[in-house]
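Architecture at a glance
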Amino acid sequence: NYTHPNKLLYFSNKNTFVGNPDGMKNEPMTRHVFENIAIPGKIVFDPCIGLGMTARMAHYFDMVCYGNELNPIRLKKTLTWMAKYYDIEKIS
């Protein structure tokens, strides 16, 4: 039962949520999307991995996550934190 991500959350022209009555943001929103589209074993790509929320959700839902981060300081902090809790196989 697959729901396309574009049908889960809609955004208006004024940066407000439409079709999101709870006003979800951050982890609750990410978890909501993953709960509706996650397929174990599939790959998720996060072009701006930031603090690794998408990577954490992918891990929780048994998916593989690849990501990029342009800010080397943020990337180092994120990888240091994630390495404590997750098996990070490859960093380049």
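Conventions used here
Along each chain, numbering runs from 1 in the same order as the chain's sequence is written. Residue-level local features of this predicted model are given only where pLDDT is at least 70; pairs of side-chain atoms are given and counted only at 80 or more, and the full residue set underlies all totals for whole chains, interfaces and linings. Side-chain measures were taken over the full set of non-hydrogen atoms in the model, leaving aside hydrogen atoms and water. One number per residue, pLDDT, summarises how confident the predictor is, and it ranges from 0 to 100. Starting at the N terminus, helices and strands are each numbered in turn, a helix being any DSSP run of H or I of at least four residues and a strand any DSSP run of E of at least two. Only protein chains enter the accessibility calculation, which uses a 1.4 Å probe; a residue is then buried when its area is under 20% of its type maximum, exposed when over 50%, and partly exposed in between. Counted as salt bridges are all cases of a side-chain nitrogen of Lys or Arg within 4 Å of a carboxyl oxygen of Asp or Glu. Each residue after the first adds 1.5 Å to the expected span of a helix. Counted as a polar contact is a pair of N or O atoms within 3.5 Å, where, for protein atoms, one must be capable of donating a hydrogen and the other of accepting one, and residues adjacent in sequence contribute only when both atoms are in side chains. Here, two residues are considered to be in contact whenever any of their heavy atoms come within 4.5 Å of each other.

To continue, consider the confidence of the model for the protein. It should be kept in mind that the predicted coordinates are not to be read in detail where pLDDT is low. With 70% of its residues at a pLDDT of at least 70, the protein reaches an overall mean of 77. The lowest-confidence element of the protein is strand 2 (residues 17–18), averaging 49 in pLDDT; the highest-confidence one is strand 3 (residues 43–46), averaging 92.

Okay, the environment of Val64 next. In this structure, Val64 sits in strand 4 (residues 64–67). The class of Val64 is partly exposed, set by a relative accessible area of 36%. Counting along the chain gives 20 residues from Val64 to Val44, while the straight-line C-alpha distance between them is 6.1 Å.

It is worth spelling out the pattern of salt bridges at this point. By the definition in use, this model includes one salt bridge. Between Arg31 and Glu27 there is a salt bridge, and its shortest N-O distance comes to 3.3 Å. Of this pair, Arg31 and Glu27 both sit in helix 1 (residues 26–37), four residues apart, which is roughly one turn of that helix. Owing to a relative accessible area of 25%, Arg31 belongs among the partly exposed residues under this scheme. Of the residues examined, Glu27 reaches a relative accessible area of 32% and is grouped as partly exposed.

Turning next to helix 3 (residues 72–85). In this model helix 3 runs 20 Å from its N-terminal to its C-terminal C-alpha over 14 residues, within 8% of the 20 Å that 1.5 Å per residue would give. Between the side-chain oxygen at the start of helix 3 and the backbone nitrogen of Ile73 there is a gap of 3.0 Å, and the oxygen is on Asn71.

For the rest of this paragraph, the subject is the side chain of Thr30. Assignment of secondary structure puts Thr30 in helix 1. Among the residues examined, Thr30 registers a relative accessible area of 14% and is labelled buried. The contacts of Thr30, once residues within four sequence positions are left out, are Met53, Thr54 and Met57.

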